[in-house]
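Letter by letter, the chains look like this.
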Number of protein chains: 2
Amino acid sequence: MNKFVLAPAFTGTSEPLCALKLCDARLQADARWPWIVLIPRKTGALELEHLSPVDRRQLMDEVVAAGAGVRAIGAALGRPVEKLNVGQLGNVTPQLHLHVVGRRPDDAAWPGPVWGQGIAQPYTAPLLRAALQAAGVALAGFTTGS
Amino acid sequence: MNKFVLAPAFTGTSEPLCALKLCDARLQADARWPWIVLIPRKTGALELEHLSPVDRRQLMDEVVAAGAGVRAIGAALGRPVEKLNVGQLGNVTPQLHLHVVGRRPDDAAWPGPVWGQGIAQPYTAPLLRAALQAAGVALAGFTTGS
């Protein structure tokens, strides 16, 4: 199999978080929402149906782990998550990826979806560190150890 | 466990399609997109993390099956699906449910998400029959048989 290469769109919009067994987990660089992007390291995969059944099960486990990660980010930043949103779209960036987003009724797009809403709000350096730290701790049990 | 009761919001916006092993599958009553809603028959479940690992795996299988269903609807209606979108939001209707939507670059919201976009366009009776028939055939192998 070809070596997996992350699509450049992700490096411009998110920060590396950790490598889970199947996916690269990244923090979306948008302080409006605690938001983790999962990208399965499978060259050529564009849809869930392109993953093997075993990989799809792993992906589901990693979505739930990412949910714990965004809850941890929200708690660390003083805005506890009240609802999780999960999306697999890929209409703009086709490389298969899933969004796991923490929502609150007072957030910038509630109750609508977050995708395509307004302009990303950059994290300040201290808040970025806090978010990465909180998510890293929450996801530590799911990483590859590499 | 209490008997599962479908939230009334679904009966007003979608048509019954079939009972899969875990989920009720329903056709979203919006002719703009081939769109199947999956509602796990688990009382009190609001998030993926509320399902057991076994049920989450089954849900992933049913999401992939629903993808085949929306592709079948698109093909039957002369608008083949070019991209699948999957979403689990629940910001308005909290009962756990997943959307599986067939997208095309010429559709009414491309490349944005479909949720909260404009007003649902009712199916005509013949197109509704064609959509239900196509999805039913595609999902036949996944139903409970009940």
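Look a little higher up for the structure.
Worth saying up front: this structure is predicted, and the values here are computed from it rather than measured. (Residues numbered from 1 in each chain as written. Chains lettered and ligands numbered in written order. Predicted model: local features only at pLDDT ≥ 70, side-chain atom pairs only at ≥ 80, totals over all residues.)

K.L.:
Would you mind going over the interface of chain B and chain A with me for this structure?
P.N.:
Many structure descriptions define interface size as the accessible area lost when the parts assemble. Taken residue by residue, the interface counts 26 residues in chain B and 26 residues in chain A. Contributing elements (two or more residues each) for the side of chain B that touches chain A: helix 2 (53–76) and strand 4 (83–88) of chain B. Taken together, the residues of the side of chain B that touches chain A break down into 12 nonpolar, eight polar and six charged. Inspection of the sheet shows strand 4 (residues 83–88) of chain A paired to strand 4 of chain B by three bridges, in the antiparallel sense. The partner of Gly87 of chain A across the bridge, within strand 4 of chain B, is Gly87 of chain B. (Contact = placed C-beta atoms within 7 Å. Helix = DSSP H or I, 4+ residues; strand = E, 2+ residues; numbered from the N terminus. Nonpolar A, V, L, I, M, F, W, Y, C, P; charged D, E, K, R; others polar. Pairing = 2+ DSSP bridges.)

K.L.:
Which parts of the structure should I look at to understand the nonpolar core?
P.N.:
Note on soluble globular proteins: their nonpolar side chains tend to be buried together. Core analysis: the largest hydrophobic core is formed by 76 residues, its most contacted members being Ile36 of chain A together with Ile36 of chain B. Not counting the four nearest positions on each side in its chain, Ile36 of chain B is found in contact with Leu17, Ala25, Arg26, Leu27, Ala66, Gly69, Val70, Val100 and Ala135 of chain B. (Core = buried A, V, L, I, M, F, W, Y, C linked by C-beta atoms within 7 Å. Buried ≥ 20, exposed ≤ 12 C-beta atoms within 10 Å, placed from the backbone.)

K.L.:
Help me understand helix 3 (residues 125–139) of chain A, please; the structure alone is not making it clear to me.
P.N.:
Residue and element names in this part refer to chain A. Helix length check: helix 3, at 15 residues, gives a terminal C-alpha distance of 21 Å against a target of 21 Å (1.5 Å per residue), a fit within 8%. Listed in full, the buried residues belonging to helix 3 are Ala131, Ala134, Ala135, Ala138 and Leu139. Looking straight down helix 3, one finds its buried side chains confined to an arc of 125°; they lie on one side. Residues of helix 3 that are exposed and point over 90 degrees away from its buried face: Ala125, Pro126 and Arg129. On the buried face of helix 3, the contacting elements are strand 1 (14–19), strand 2 (23–28), strand 3 (35–40) and helix 2 (53–76). (Expected span 1.5 Å × (residues − 1). Arc of directions from axis to C-beta.)

K.L.:
Sorry if this is basic, but what is going on with the relation of the copies chain B and chain A here?
P.N.:
In this structure, two copies of a chain are linked by a rotation about an axis accompanied by a shift along it. For these two chains of identical sequence, chain B goes onto chain A by a turn of 180° and a shift of 0.0 Å along the axis, with RMSD 0.0 Å. Such a turn and shift between the copies fits a two-fold axis. Relative to the rotation axis, the C-alpha of Gly87 of chain B is the closest in chain B, positioned 2.2 Å from it. Taken as a fraction of all interface residues of chain B, those also at the interface in chain A reach 100%, which identifies the copy contact as same-surface. (Least-squares fit on C-alpha atoms with pLDDT ≥ 70 in both.)

K.L.:
For this particular structure, what's the right way to read helix 2 of chain B?
P.N.:
In an α-helix, one turn spans 3.6 residues; hence positions three or four apart end up facing the same way. Here helix 2 of chain B contains 24 residues, and its C-alpha end-to-end distance of 35 Å stays within 8% of the 34 Å for a straight helix at 1.5 Å per residue. Count one or two residues on from helix 2 of chain B and you reach Gly78 of chain B, which has phi positive near 80°.

K.L.:
Help me understand the pairing of strand 5 (residues 98–103) of chain B in this model?
P.N.:
Residue and element names in this part refer to chain B. Across the six residues of strand 5, six count as buried, placing the element largely inside the fold. The side-chain alternation of strand 5 yields two buried faces, one formed by Leu98, Val100 and Gly102 and the other by His99, Val101 and Arg103. Sheet analysis places strand 3 (residues 35–40) next to strand 5, joined by four bridges and oriented antiparallel. By the bridge assignment, Val37 is partnered in strand 5 with His99. Both strand 4 and strand 5 contribute to a ladder of five bridges, which runs antiparallel. If you follow Val86 over to strand 5, its bridge partner there is Val100.

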